[in-house]
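Understanding the architecture of this molecule
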Amino acid sequence: WRANFKEFSLTPQDSRPTEDSQPAEKSVPIEEPIVVDRKAIEKLTEGLLSHYLPDLYSSKQALLELNQNQVILLDTLDQEVTKFRECNSLLDLNSLFTEAKFYHGKLVNIRKDMIMLHEKTTKLKKRALKLQQQRQKEVMEKEQQREKELERERQLIAKPAQRT
């Protein structure tokens, strides 16, 4: 952009106060334009750049470092958020395990009750079978007793004697 400046000149208009600026205590009107040599402009430009560029470069480096630190911080925060979510899910898992343990206990109790009921029903079935067998035996004995009595009565009934 230095090549664009062939000649720099100040006109009397440039030295006048503007509407926004405060008027100088003593204003000296400049009537003649000031002509500045091209080499002077380059040297002034180089001086200005050499004065401000190191600060600008160090500011740029500081901003880049700050940006990198922010990226690292964001990644760290993202990891922490993930850890908190995992902790919340672990709390949920803990409550689920507690609930599962509770219901497992209930199932164990139900299983014990069912085993006990099964044993009782088995005993009752055996007892019912014994009772049934005993009744059948009693019924058979009564039947046999009755048959014996009938047979005895038949034998006691007089039979006509046969003639020989």
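What counts and how
Residues numbered from 1 in each chain as written. Predicted model: local features only at pLDDT ≥ 70, side-chain atom pairs only at ≥ 80, totals over all residues. Heavy atoms only, no water. Helix = DSSP H or I, 4+ residues; strand = E, 2+ residues; numbered from the N terminus. Buried < 20%, exposed > 50% of the residue type's maximum accessible area, 1.4 Å probe, protein only. Areas by Shrake-Rupley, 256 points an atom, 1.4 Å probe, with all protein chains shown as cover. Salt bridge = Lys/Arg side-chain N within 4 Å of Asp/Glu carboxyl O. pLDDT = per-residue confidence, 0-100. Contact = heavy atoms within 4.5 Å. Expected span 1.5 Å × (residues − 1). Bend = angle between axes of the 7 residues up to and from the residue. Phe/Tyr/Trp six-rings, centres within 6.5 Å; stacked < 30°, edge-to-face > 60°.

1. Let's talk about the overall build of the protein chain
Helix and strand content of the protein chain: one helix and two strands. Counting every position in the protein chain, which comprises 164 residues, the buried fraction comes to 1%. When the accessible surface of the protein chain is summed, it comes to about 16,700 Å², and 57% of that surface belongs to carbon and sulfur atoms.

2. Regarding the pattern of salt bridges
Overall, the coordinates contain four salt bridges when judged by the stated rule. Residues Glu42 and Arg38 are paired through a salt bridge, measuring 3.6 Å at the closest nitrogen-oxygen approach. Pair noted here: Glu42 and Arg38 are both in helix H1 (residues 38-156), with a separation of four residues, about one helical turn. According to the relative accessible area criterion, Glu42 is partly exposed, its value standing at 26%. For Arg38, a relative accessible area of 42% gives the class partly exposed. Across the pair Lys83 and Glu80 runs a salt bridge, and its minimum N-O distance is 3.7 Å. Of this pair, Lys83 and Glu80 both sit in helix H1, three residues apart, which is roughly one turn of the helix.

3. What to know about the confidence of the model for the protein chain
Any residue range with low pLDDT should be treated as having predicted coordinates unsuitable for detailed reading. Averaged over all residues, the pLDDT of the protein chain is 83; the fraction at 70 or higher stands at 79%. Segment residues 1-19 is flagged for pLDDT under 50; beyond a separation of four residues in sequence, or across chains, it makes 25 contacts in the model.

4. Remarks on H1
With 119 residues, H1 should reach 177 Å at 1.5 Å per residue; the first-to-last C-alpha distance of 168 Å fits that figure. Its axis deflected by about 35° at Tyr52, H1 carries its strongest bend there, up to four residues before the proline Pro54.

5. Digging into the packing of aromatic side chains
Using the criterion set out here, one finds one aromatic pair in the structure. Centre to centre, the rings of Phe102 and Tyr103 are 5.2 Å apart; their planes meet at 70°, and the pair counts as edge-to-face. A relative accessible area of 49% places Phe102 in the partly exposed class.

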